[in-house]
Amino acid sequence: MRITQGTFSSLPDLTDDEIAAQIQYAISQGWSIAVEFTDDPHPRNNLWQMWGLPMFDIADAAAGLSEVRACREAYPHHYVRVSAYDATYGRQTTALSFIVHRPAEEPGFRLERQEVADRRIRYTLHPYVADRPHGKRYEWRG
Amino acid sequence: MTRPAEAGGPGWPAEPGGPAEPGGSALARGFAMPAPGDTPAAAGRPVNGGPQPAPGQGETGPPAGARESLPDDALIDIGEEERQLAICELLGRLDRELVGLVPVKTRVREIAALLLVDRLRRRYGLRSSRPTLHMCFTGSPGTGKTTVAIRMAELLKGLGYLRRGHLVSVTRDDLVGEYVGHTAPKTKAVLKRAMGGVLLIDEAYYLCRAENERDYGQEAIEILLQVMEAQRDDLVVILAGYRDRMDAFFRSNPGMASRIAHHIDFPDFSAGELIRIAEIMVEQERYRLSPDAHQAFREYIELRMHQPRFANGRSVRNAIDRFRLRQAGRLVSAGVRVGKDDLVRIEADDIRRSRVFTQDSDLG
């Protein structure tokens, strides 16, 4: 099941050209770029791990794209996203966030029904990969 | 942490009154280059307007406008191509704004011509590897290295070899960290900032301190080399500094020497050129030298040139600042009524009171 989080996630995966163009747009807006990665695909997992520091004063998308590539290479079985922060509001404001890399295979989520008092049902989502150890969740063998 | 790219030395904005740029090919004035007449091939094709290929996406060349190659018998008008890329204008500005520096201007013209021809070849589908553009500027302080680097960045952007054409000027402190593990992120951050433009490393030989084997400079050099090789399309590195020390630096870092294609030596200015620079600076500050002051300045320069710590264009600028200081002091202490002419004119006395005339070894 394909994870759709952030901007452009319902589109086919962006090519590197398209990623560079989006990064360049963010730079032109004065936003700082950060590369983040995770292997916990739960939609409520907002805090992904940072790949290096945010890039505050770059002029060209090549700088951002080289970090995206480096992160992909280091974590081929993780999700990688680019976030752009707009600092003009004086607080951390995500202006743009989109996935730039995803694992080859995405098993998706299990819907869990929990029966509580008075036959009421509570629903929750459980990623199948969450049962596997952190860091190895998307490394399938065979 | 980084100094802004200041136009130290003999660079100044274009002022009316310089020699007018003739209409013809700016490159052709440097050396003979045939400019064939008008051809249908060049007409009506926007060179810069096409969609830009993505940065660093497998594409080895700069964003060339033409996608499909021209037929083998087509002709391109080089002059027209230059005009479209605004090269004439850039080289003309270089000529007007910088006094002297003939060998430097010739080399810049040669590089511009090479890149232009490379671009034209590309339009016929003649793909050759992207030329290495990393450079080394050697010369005394104040000979216009930073100014030429700024112009070079603009030129490379005009020719499509750089996407942004900005200049990031750094020294050792901006690249080398203070403790283990500090250097790599610091150097990488600077490189990222310079991507799409030119990274000017001033006094690059300080990166390498041969006497201290635990110095972190070597780490910065290794990262630099790696990026200079792997991301040649994304940035151009210019090393600047004194000639002899730079030679020593290259001797101890052969990897660096082999990755630098263009070595440009900036000659010291002659007395006549320094006076010409001073005239332009004085005019730009809306001052005027009286005829006596002109003569005094000539003598001043002759003396100052042979004293220690002479920094060419930068010394001229500092000297003019001190003349202004003395002129102001003179006017205020006189305490009489002054007119516009008094405020504009620098007298010989303002110059002759300089310590250059009285002491042999000290700054004036």
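Remember, predicted model here, so these are calculated numbers, not experimental data. (Residues numbered from 1 in each chain as written. Chains lettered and ligands numbered in written order. Predicted model: local features only at pLDDT ≥ 70, side-chain atom pairs only at ≥ 80, totals over all residues.)

### Focus on the overall build of chain A
Thought 1: Along chain A, the regular secondary structure elements total two helices and six strands.
Thought 2: Seen in sequence order, chain A has helices and strands lined up from the N terminus as α-β-β-α-β-β-β-β.
Thought 3: In terms of principal-axis extent, the alpha carbons of chain A reach across some 60 × 40 × 25 Å.
Thought 4: Evaluated residue by residue, chain A yields a buried proportion of 30% over its 142 residues.
Thought 5: Of the contacts made within chain A by residues no fewer than 6 positions apart, 54% connect residues no fewer than 24 positions apart. (Helix = DSSP H or I, 4+ residues; strand = E, 2+ residues; numbered from the N terminus. Buried ≥ 20, exposed ≤ 12 C-beta atoms within 10 Å, placed from the backbone. Contact = placed C-beta atoms within 7 Å.)

### Quick notes on the nonpolar core
Thought 1: If you look at the biggest cluster of nonpolar residues, it comprises 109 residues, and the most contacted ones within it are A112, A149, V198, L199 and I238 of chain B.
Thought 2: For this core, the two domains that each supply at least three residues are domain 1 (78–266) and domain 2 (271–357) of chain B. (Core = buried A, V, L, I, M, F, W, Y, C linked by C-beta atoms within 7 Å. Domains from an automatic or database assignment.)

### Focus on the sheet that holds strand β4 (residues 236–241) of chain B
Residue and element names in this part refer to chain B.
Thought 1: With parallel pairing, the five strands of this open sheet are ordered in space as β2-β3-β4-β1-β5. Strands with a single pairing partner mark the edges of an open sheet, and in this sheet they are β2 (167–170) and β5 (262–266). Averaged over neighbouring strand pairs, the angle between their axes works out to 20° when direction is ignored.
Thought 2: One ladder, built from five bridges, connects strand β1 (residues 135–139) with β5; its direction is parallel. Residue F137 lies in a different strand from β5, and its bridge partner there is I264.
Thought 3: Along the sheet face, helix α4 (residues 145–158) touches β1, β2, β3 (198–202), β4 and β5 and points at about 165° away from the line of β3. (Pairing = 2+ DSSP bridges. Axes fitted to C-alpha atoms, helices over the stretch in contact; angles between N-to-C directions.)

### Let's talk about the interface of chain B and chain A
Thought 1: On the side of chain A, 13 residues touch chain B, which itself brings 14 residues to the contact.
Thought 2: For the side of chain B that touches chain A, a count of residues per class yields three nonpolar, six polar and five charged. (Nonpolar A, V, L, I, M, F, W, Y, C, P; charged D, E, K, R; others polar.)

### Observations regarding the packing of helix α6 (residues 183–194) of chain B against helix α7 (residues 217–230) of chain B
Residues and elements named next belong to chain B.
Thought 1: Put simply, α6 and α7 touch, their axes get as near as 9 Å, and they point 40° apart. It follows that α6 is oblique to α7 by the angle criterion. Between α6 and α7 the crossing geometry is right-handed. Contacts between α6 and α7 involve T183, A184, T187, K188 and L191 from the first element and E219, A220, I223, L224 and V227 from the second.
Thought 2: In the contact of α6 with α7, the residues fall into six nonpolar, two polar and two charged. (Parallel < 35°, antiparallel > 145°, perpendicular 65-115°, else oblique. Left-handed = near helix turned anticlockwise from the far one by under 90°.)

### Things to note about the sheet that holds strand β1 (residues 32–38) of chain A
Residue and element names in this part refer to chain A.
Thought 1: A sheet is described by the order of its strands in space; here four strands give the open sequence β2-β1-β3-β4, paired in antiparallel fashion. The open sheet has two free edges, formed respectively by β2 (49–55) and β4 (94–101), since each of these has just one partner strand. Sheet twist, expressed as the mean angle between neighbouring strand axes with direction ignored, is 20°.
Thought 2: Looking at chain direction, strand β3 (residues 79–85) and β4 are connected through six bridges and run antiparallel. Looking at the pairing, V82 lines up with F98 of β4.

### Looking at the domain arrangement of chain B
Residue and element names in this part refer to chain B.
Thought 1: The domain boundaries assigned to chain B delineate domain 1 (78–266) and domain 2 (271–357).
Thought 2: Computed over C-alpha atoms only, the centres of domain 1 and domain 2 are separated by 35 Å.
Thought 3: Every contact between the two is made by seven residues of domain 1 and, on the other side, eight residues of domain 2.

### Observations regarding helix α3 (residues 102–123) of chain B
Residues and elements named next belong to chain B.
Thought 1: Taking 1.5 Å as the rise per residue, α3 with 22 residues should run 32 Å; its terminal C-alpha atoms sit 32 Å apart, in good agreement.
Thought 2: Inspection of α3 places V104, V108, R109, I111, A112, A113, L115, L116, D118, R119, R122 and R123 among the buried residues, and these make up the whole buried set.
Thought 3: Looking at the buried positions of α3, the neighbouring elements they touch are α1 (78–85), α2 (87–97), α4 and β5. (Expected span 1.5 Å × (residues − 1).)

### Thoughts on unusual backbone geometry
Residues and elements named next belong to chain A.
Thought 1: Backbone geometry at F8 places phi at a positive 65°, although glycine is not the residue there.
Thought 2: Its location among the elements puts F8 in the segment before α1 (16–28).
Thought 3: You can call F8 partly exposed: it has 17 C-beta atoms within 10 Å.
Thought 4: Although it is not a glycine, D118 adopts a positive phi angle of roughly 60°.

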